[in-house]
Amino acid sequence: AQRVTQPEKLLSVFKGAPVELKCNYSYSGSPELFWYVQYSRQRLQLLLRHISRESIKGFTADLNKGETSFHLKKPFAQEEDSAMYYCALSGQGAQKLVFGQGTRLTINP
Amino acid sequence: KAGVTQTPRYLIKTRGQQVTLSCSPISGHRSVSWYQQTPGQGLQFLFEYFSETQRNKGNFPGRFSGRQFSNSRSEMNVSTLELGDSALYLCASSLDGGQDETQYFGPGTRLLVL
């Protein structure tokens, strides 16, 4: 079975502080991992995906197969990072995304 | 390119009725997926269509069905509505529906069942 767990429903940090949003997954094959973000009054959109290995808006995420984790990190949080963040997994040969419950990130000034 | 569009944006129905939601993917995208979002269950996959064929299906009852047309536009239908079907229904499109492809989401249709 495929499962994605985001242990924190809410996360609040101050501007300029480091941010880490946790994501753990369960999947027996080779998954593809994604982080999607939803800013206020906007649609759900891709933030970054494991296969691209790129940094978007200062965010990075490393796939740790040993710990089955795909945590999202940013060294210095900005107020515009306040949003709902979803970790998602796509299994082999399938387009179907399995989402975590999401973490609402609030950056305090 | 225009983004994914969904119609209608809001819908109110009563128990027992049926409803049809529509999704127009980004031009050139052939894969369309549907998701249900509720406060309790979060985002759950309903089904995916590619080239007018259902390719993947989530764990939803048979009351939930869909189809895709030759222009890649998709519709989903829910029959015999229940109160628990109240949710935001999201449509997403991608080029070919590959495992590592980005899905582009529409704004959603908010369905309220009374």
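Residues numbered from 1 in each chain as written. Chains lettered and ligands numbered in written order. Predicted model: local features only at pLDDT ≥ 70, side-chain atom pairs only at ≥ 80, totals over all residues. Heavy atoms only, no water.

A. Up close: the interface of chain A and chain B. The interface is formed by 21 residues belonging to chain A together with 24 residues belonging to chain B. Across the chain A to chain B interface the summed buried area is about 1800 Å²; carbon plus sulfur atoms make up 48%. Linking chain A to chain B there are zero salt bridges. Residue assignment for the side of chain A that touches chain B shows that the elements contributing at least two residues are strand E5 (32-38), strand E6 (45-49), strand E9 (83-90) and strand E10 (97-99) of chain A. Each residue belonging to the side of chain A that touches chain B can be placed in one class, and the counts come to ten nonpolar, seven polar and four charged. (Contact = heavy atoms within 4.5 Å. Buried area = accessible area lost by both parts, 1.4 Å probe. Salt bridge = Lys/Arg side-chain N within 4 Å of Asp/Glu carboxyl O. Helix = DSSP H or I, 4+ residues; strand = E, 2+ residues; numbered from the N terminus. Nonpolar A, V, L, I, M, F, W, Y, C, P; charged D, E, K, R; others polar.)

B. View of the layout of surface pockets. Taken as a whole, the largest pocket encloses approximately 840 Å³ of empty space. If you go around the largest pocket, you meet 33 residues; those closest to its centre are A:Gln38, A:Tyr86, B:Gln37, B:Leu88 and B:Arg110. Listing elements by their share of the lining of the largest pocket, those giving two or more residues are E9 of chain A together with strand E4 (31-38), strand E5 (42-50), strand E9 (87-94) and strand E11 (109-113) of chain B. Tallied by class, the residues present in the lining of the largest pocket amount to 15 nonpolar, twelve polar and six charged. Taken together, 19 residues form the lining of the second largest pocket, with A:Gln2, A:Val98, A:Phe99, B:Leu43 and B:Gln44 sitting closest to its centre. Breaking the lining of the second largest pocket down by element, the ones donating at least two residues are strand E1 (3-5) and E10 of chain A together with E5 of chain B. Of the residues contributing to the lining of the second largest pocket, the split by class is eight nonpolar, eight polar and three charged. (1 Å grid on protein atoms, 1.4 Å probe; cavity = no way out; pocket = protein on both sides within 12 Å on 5 of 7 lines; lining within 4 Å. Points joined across faces, edges and corners; volume = space filled by probe spheres on them.)

C. Representation of the pairing of E9(A). Residues and elements named next belong to chain A. Judged by how many residues are buried, E9 sits mostly within the fold: eight of eight residues are covered. A two-sided burial pattern is seen for E9, the buried positions comprising Ala83, Tyr85, Cys87 and Leu89 on one face and Met84, Tyr86, Ala88 and Ser90 on the other. The pairing of E5 with E9 spans seven bridges and is antiparallel. Its bridge partner lying in E9, glutamate 32 is registered against serine 90. Where E9 and strand E11 (residues 103-108) come together, three bridges link them in antiparallel fashion. Across the sheet, residue methionine 84 finds its bridge partner in E11, namely arginine 104. (Buried < 20%, exposed > 50% of the residue type's maximum accessible area, 1.4 Å probe, protein only. Pairing = 2+ DSSP bridges.)

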